[in-house]
Amino acid sequence: KIILIVIIIVIAIILARFFIFYDKYKMPKGAEITISNEDIDVYDETNLYDLIKSNNVEILSEDIPLDYMNIGEHTVTIEYKYKVKKYAYDIKYNVVDNVKPIFINVPSTKTLYVNEGDEEALTKKVSYADNYDTKPDLKIEGNVNFNEIGTYKIKYIITDQSGNKTTKDTVIQVKEKVKKEDSENKDDEEEEEDFINIEEQIANYKTEDTMIGIDISKWQGEVDFEKVKNSGVEFVILRMGVMKNKDTPITIDNTFKNNYQKAKEVGLKVGIYVYSESNTIQSAVENAEFVIETLNGDKLDFPVCFDWECWANFNELEINLYQLNEMYDAFSKRLKDAGYDTMLYASENYLNNTWLSLKDYTIWVAKYSTKTPSVNDSDYILWQNSDKGRVDGINEPVDLDIYYKNKVNK
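Let us look at the structure shown here. (Residues numbered from 1 in each chain as written. Predicted model: local features only at pLDDT ≥ 70, side-chain atom pairs only at ≥ 80, totals over all residues. Heavy atoms only, no water.)

Our focus in this paragraph is the overall build of the protein chain. Each helix and strand in the protein chain was counted, giving 11 helices and 22 strands. Computed over C-alpha atoms, the radius of gyration of the protein chain comes to 31 Å, more than 25% over the 22 Å expected from 2.2 N^0.38 for 410 residues, which places it beyond the range of a compact globule. For the protein chain, the share of sequence-separated contacts (at least 6 apart) that also reach a separation of at least 24 residues comes to 60%. Carbon and sulfur atoms make up 46% of the accessible area of the protein chain, which amounts to about 23300 Å² in all. Counting 49 positive and 74 negative side-chain charges, the protein chain places the averaged centre of each group 8 Å from the other. (Helix = DSSP H or I, 4+ residues; strand = E, 2+ residues; numbered from the N terminus. Rg over C-alpha atoms; globule rule 2.2 N^0.38 Å. Contact = heavy atoms within 4.5 Å. Areas by Shrake-Rupley, 256 points an atom, 1.4 Å probe, with all protein chains shown as cover. Lys, Arg positive; Asp, Glu negative; His and termini not counted. Charge placed at Lys NZ, Arg CZ, Asp CG, Glu CD.)

Structure follows, in C-alpha cells:
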C-alpha cells in the first residue's frame, strides 16, 4: 500500500512537471521556427504568417495583421504545438520609415526688401509634409543680411523623426523697395484673350463620349440657369458646403439651395462638392454627415466630391500624408454607406505628388492647360481645364469642366 502511494506521488510529480512547470517559452529540441529578419515598411500591410519563413511545428495562432502603423520594435506572441505539447514563442519585428519628406510649396527664388525681412520671412509660405511624421523639422542653412541689398543662397532642409531628409536650394534677393508707378490697364480685347467662351470649350472638347459643364459657388453670384443651359452647358457641379477652418464646422454655401433647385428645373445634370479644411477623421465624417443631411435622400448625377486644398498651411494642421488619405477614405465610406458614390478633387500636381494612394479613387482633376492631365495610379472622370470660362447667364468667370462618360466611377 505504501509502495502504491509512492508510485502515485512520483507519477503526479512527473505529470505536474510535464504539464504545469515546463517552460512553455523554451523551444523544445528538434522544433524550428525561422523568422524573417527584414524590416517592415510603415503602412505596408503585413500579417503574422508573412514573418514566418519556415517551421516544422503546428502554428495554433491565427494569421492576424501586425501593427504596421507605428514605427519601432514590436512583439507578438504565438502559440504552437510540437509533438503533444503546446508552447509559446515571441516574434519580434521592426517597423521602419524610409520615405523622405516632401516640399509642398517652396520658392526657387524669393524677394525681400531691405530692413523688412527676418528669419520668419524666410519660412513664410514654405510648406512640407511627411508620410508618417506630423511635424517634420525644418532648418535653414546659409545666411541672409536683411539690411543689405544682395543675392543670397540658402538651403531648406526638412528631416522626419526617422532621419529621412530632403533639401531644396533657394535664392534670396534683398532689394530696395521702389514705389511702383501705376501701370496702364489692359484694354478689353487684351483681357478677353485670357478667357474661354463656352462655345470654344464645346467646339474643342464636345464628343459623343464627353459632356461639357461648369462648377460654381457663391462667387459666381446670381445665375440664370435657363441661359446657362441654352449656351450648351450640360451639367453643373455646385458647392454645397464650406469648412474654412479646421476648428469650425462645415456650413452651407448661401447660394446652394437656390442653385440646386434652379439647375434641376431647367434639366441640367447636377453634382455637388464640399470644400474642406478638415484635419481629423472625425471632422471628415462630419463633412459627409452634412452632405447626407442636406441632400435628404436626393440622388445626384455625379459622385459627391471632397475638395481639400490646404497645402499652403499644411504644417499648421499637424497631420501626415497617410492621414490625409485616411480622411478621404472615411468621408467616402460614410457617403457610400448612405448610397452615394464619391470622388476626390485636386490639381494634377497635388494628385501626383502629395496624395499617397489614388488607385481606388474616382478623380476630378484640375489642370488649366490644353494638354490632357496624367494622374498616377488612376484615371479621372472629370477634367477642370480652366477657371476663366465665360458663360451666358453668369456675370463672373467660371470653372469649365469636361466629363468623360465611359470612365467608370470607383
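On inspection of all chains with the given rule, the structure shows 12 salt bridges. Linking lysine 177 and glutamate 116 is a salt bridge whose minimum nitrogen-to-oxygen distance equals 3.7 Å. Placement of the pair is lysine 177 in the loop between strand S12 (165-175) and helix H4 (188-192) and glutamate 116 in the loop between strand S8 (109-113) and helix H3 (119-123), with a sequence separation of 61 residues. Look at glutamate 116 and you get partly exposed, because its relative accessible area is 49%. In this structure, aspartate 387 and lysine 388 form a salt bridge, with 3.6 Å as the shortest nitrogen-oxygen distance. (Salt bridge = Lys/Arg side-chain N within 4 Å of Asp/Glu carboxyl O. Buried < 20%, exposed > 50% of the residue type's maximum accessible area, 1.4 Å probe, protein only.)

Attention shifts here to the side chain of glutamate 277. Looking at where glutamate 277 falls in the secondary structure, it is placed in the loop between strand S17 (269-276) and helix H8 (281-295). In this structure, glutamate 277 is buried with no salt-bridge partner, the nearest side chain bearing the opposite charge being lysine 244 at 4.3 Å. A polar contact is formed between the side chain of glutamate 277 and the side chain of tyrosine 275, at a distance of 3.0 Å. (Polar contact = N/O pair within 3.5 Å; in protein donor to acceptor, adjacent residues only side chain to side chain.)

One key point about sheets: their strands pair by backbone hydrogen bonds, in either a parallel or an antiparallel sense. Sheet architecture is open: 4 strands sit in the order S2-S6-S5-S4, paired in mixed fashion. With one partner strand each, in any of the chains shown, strand S2 (40-41) and strand S4 (58-59) form the two edges of the open sheet. (Pairing = 2+ DSSP bridges.)

Helix packing geometry: the angle between the two helix axes and the distance between the axes. For the pair H8 and helix H10 (residues 321-337), interaxial distance at closest approach is 8 Å and the crossing angle is 30°. Relative to H10, H8 is oriented roughly parallel. For the crossing formed where H8 meets H10, the hand is right-handed. Of the residues in H10, those in contact with Ile281, Ala284, Val285, Asn287, Ala288, Glu289, Val291 and Ile292 of H8 are Glu326, Met327, Ala330, Phe331, Arg334 and Leu335. (Axes fitted to C-alpha atoms, helices over the stretch in contact; angles between N-to-C directions. Parallel < 35°, antiparallel > 145°, perpendicular 65-115°, else oblique. Left-handed = near helix turned anticlockwise from the far one by under 90°.)

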